[in-house]
Amino acid sequence: MDEELTDGYSEPCGRCAAVDWGVTDEGQFFCRSCHDVIEKTKEVVDVNTLHSRGSRVSRITKTKKKRPENEREWLVCEGFQFILKHQAKALVSLGVCMKFETEVLWNFWKRYLQNTQQAFTRNPVYTPRFTVFMKAQSDLESNAQSEQSYHTEVASEMSEEMSLSGYSSEAQSSVCSGSLDAVVYQNMRGTMMHNLMTMPRTLALCYLALLWVREAITLADLLRMVSERRVPYMNIHEVFPEEMRLFGKDVLFFNVRFLPSYSLVLKEAVTLARILQLRSFPTISQDCLLHPIPLTVRYLLEANLPNDLHFWVHKVIRQAAMGGSSFLTFDPSKKPCLLRYDIQAVAVIIVTLKLLFKLDDHVEWKLSEKAAKKKKAFKIKKWFEVVQPVLEQARKREEQEEARRKWDTTKPFITSLHRKSLVLKKRRIAEHLEQKFQKLAPEQSSSLTNPRASFHFSWGKEEGSDGPSMYNNRLDSTIKRDQFKYLSNRKYWHLELRACPHKICGHHFSEIEPSLPRMYVWVLDLFSFILGVRQAEVHKEVLNVERRFLKRNRQPNQCS
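Keep in mind that this is a model prediction, so the values were computed, not measured. (Residues numbered from 1 in each chain as written. Predicted model: local features only at pLDDT ≥ 70, side-chain atom pairs only at ≥ 80, totals over all residues. Heavy atoms only, no water.)

Chemist: If you had to explain the packing of aromatic side chains to someone new, which residues and values would you point to?
Modeler: A complete count under the given rule lists 17 aromatic pairs for this structure. The interplanar angle of 85 degrees and the centroid separation of 5.7 Å between the aromatic rings of phenylalanine 108 and tryptophan 212 together place this pair among those described as edge-to-face. Here tryptophan 212 lies in helix H9 (residues 199–212) and phenylalanine 108 lies in helix H3 (residues 98–115), a separation of 104 residues in the sequence. The exposure class assigned to phenylalanine 108 is buried, which follows from its relative accessible area of 6%. On the numbers, 5.4 Å between centres and 20 degrees between planes, the contact of tryptophan 109 with tyrosine 112 is stacked. (Phe/Tyr/Trp six-rings, centres within 6.5 Å; stacked < 30°, edge-to-face > 60°. Helix = DSSP H or I, 4+ residues; strand = E, 2+ residues; numbered from the N terminus. Buried < 20%, exposed > 50% of the residue type's maximum accessible area, 1.4 Å probe, protein only.)

Chemist: An account of helix H17 (residues 363–371) is requested, with residue identities and associated values reported.
Modeler: Glu364, Leu367, Ser368 and Ala371 are the residues of H17 that are buried. Seen from one end, H17 has its buried residues packed into an arc of 105 degrees, which puts them on one side. Exposed residues on H17 whose side chains face more than 90 degrees from its buried face are Lys366, Glu369 and Lys370. (Arc of directions from axis to C-beta.)

Chemist: Would you mind going over the nonpolar core in detail, with residue names and values included?
Modeler: Phe100, Leu305, Tyr341, Trp383 and Phe527 are the most contacted members of the largest nonpolar core, which has 138 residues in total. Ranked by residue count, the leading element in this core is helix H16 (residues 341–357), at 13 residues. Filtering out sequence-adjacent residues up to four positions away, tryptophan 383 remains in contact with Ala303, Asn304, Leu305, Phe378, Met470, Met519, Trp522, Val523 and Leu526. One finds Cys13, Trp21, Val23 and Cys34 within the second-largest nonpolar core, a separate group that totals eight residues. (Core = buried A, V, L, I, M, F, W, Y, C linked by side-chain atoms within 4.5 Å. Contact = heavy atoms within 4.5 Å.)

Chemist: Would you mind going over the pattern of salt bridges in detail, with residue names and values included?
Modeler: Oppositely charged side chains can form a pair if their charged atoms are brought close together. This structure, assessed with the given rule, holds 14 salt bridges. For glutamate 546, the salt bridge identified is with lysine 354, shortest N-O distance 2.7 Å. Of this pair, glutamate 546 sits in helix H22 (residues 535–553) while lysine 354 sits in helix H16, and the two are 192 residues apart along the sequence. Both residues of the pair, glutamate 546 and lysine 354, count as buried. When the shortest N-O distance is used, the salt bridge between lysine 358 and aspartate 360 registers 3.7 Å. One exposure class covers both lysine 358 and aspartate 360, and it is buried. Each member of the salt-bridge network shares a partner with another, and the members are Arg340, Arg534, Glu537 and Glu541. (Salt bridge = Lys/Arg side-chain N within 4 Å of Asp/Glu carboxyl O.)

Chemist: Give a detailed account of the packing of H9 against helix H12 (residues 262–276), specifying residues and quantitative values.
Modeler: Contact geometry for H9 and H12: axes closest at 8 Å, N-to-C directions at 70 degrees. Relative to H12, the element H9 lies roughly perpendicular. Here H9 runs over H12; the crossing is right-handed. Contacts from Pro200, Arg201, Leu203, Ala204, Leu205, Tyr207 and Leu208 of H9 reach H12 at Leu264, Val265, Leu266, Glu268, Ala269, Thr271, Leu272, Ala273, Ile275 and Leu276. (Axes fitted to C-alpha atoms, helices over the stretch in contact; angles between N-to-C directions. Parallel < 35°, antiparallel > 145°, perpendicular 65-115°, else oblique. Left-handed = near helix turned anticlockwise from the far one by under 90°.)

Chemist: Break down unusual backbone geometry for me, citing the residues and quoting the values.
Modeler: One non-glycine residue, asparagine 304, adopts positive backbone phi at about 60 degrees. Locating asparagine 304 in the fold gives a position in the loop between helix H13 (292–302) and helix H14 (309–319). On the basis of relative accessibility, which here comes to 2%, the residue asparagine 304 falls in the buried class. Of note in this structure, alanine 321 is not a glycine but carries a positive phi near 55 degrees. Checked against the element boundaries, alanine 321 lands in the loop between H14 and helix H15 (325–328).

Written out as structure tokens, the structure is:
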């Protein structure tokens, strides 16, 4: 096609001297070798005005190009299905049971397609008839204000994160796309728009399936696997089949530049559970590793805290009524909230530490001086001195690995034919600069962290350990097991426990953080690093645990 349009033009390229010309949809000539666009346009003779001399036009009439033989027609939902398939296989390769992929996730996906009328229906979403039907539903949707308010809350966070992640509006300048229904997806409004699949929702759907099979993988674990590239998410379009051509508006759905936050994926999981109309999930009992009793053991080991502390953690869980299956099991039909099992577990540990050591920058150090007279007694001062430098090294190591991580894709998205030459040129320049910097940079040593490890830290006497283990340290010098009244002591400090109105509370952590005890803030920092979440998320869950615990144990003038 291009050979016919450029027939007779044999001038060499001014940039690379090659004679290999092509023509864009706008009629401009570009060099196929270096992708440089020149000012020349194809001159077409108007057959209706041959009697007039010199009557020529300087623009080619656009004609609809046929789809190449090696490409096929595909829908946006097929792209997400391909992504889910790769994510499921990655999780199975990491030890998740096969039932997760073959039964649960696949059934969830089929149910989603049917409930959103994208497949398994006589009126699929990409047809013009469905588009007219959607417009007719706009009047009915205006009555569902309560449901729309929830959608707006999630959509506002999604739009904010999408704007940071490379879902740029510049792709909207082209009406072309590799998929058939990208334009329909983009133009949807109301409930239909909020029901569409997104990249963060692929992780949310995987998390729901993991929770259904009661796998010992928390949401923080899943996001960490994504961050370490063990579960595909970033630049996953690079492994798309060749026949599925990604172009133009497809960038709005498949191109991501950052990892979604913990809170966003959790909200999307709740939204998907509503769309799927799921019944109650399998019971979270004590034999499940998502139960707070076994889960707190894991985080006590991770934070290098003594095993004796779990005795008191168990009491807090029991007194706060947080160990019952009715409280822990997710039932979308009865309670539209999904517990943050991992953050809740570390919050219980922090509340226990406050009960025993107060963490007010005074009492914990006095107790450490008292415990220093006994051997193998747990001293919070020594615990801080051991863990703090290791935490700083781990944070620096994580920052270095993040800086070395390659975020750019080897297959850049082409948002429009007009920008194709510019995108490819920028890519070549970036690759050239990268090669130059690699020659200047020192050779990188082997990875400092084990990407397959489940823990951030390794405590013990073995070679390569981060520091001495305090697992066998005793708490006898601090509290005796028969002194149960200590769990309801009058000196326990806490912030105001009155819950803020829904959708108004901003958690206020940044405002109150300077006034909090530094030891308490450091403990928040430690566990937030372990989970990979913000300190405000952990602090919020600490308040939730305190509300439950103190409400059930409060007596007149008992707490200040």
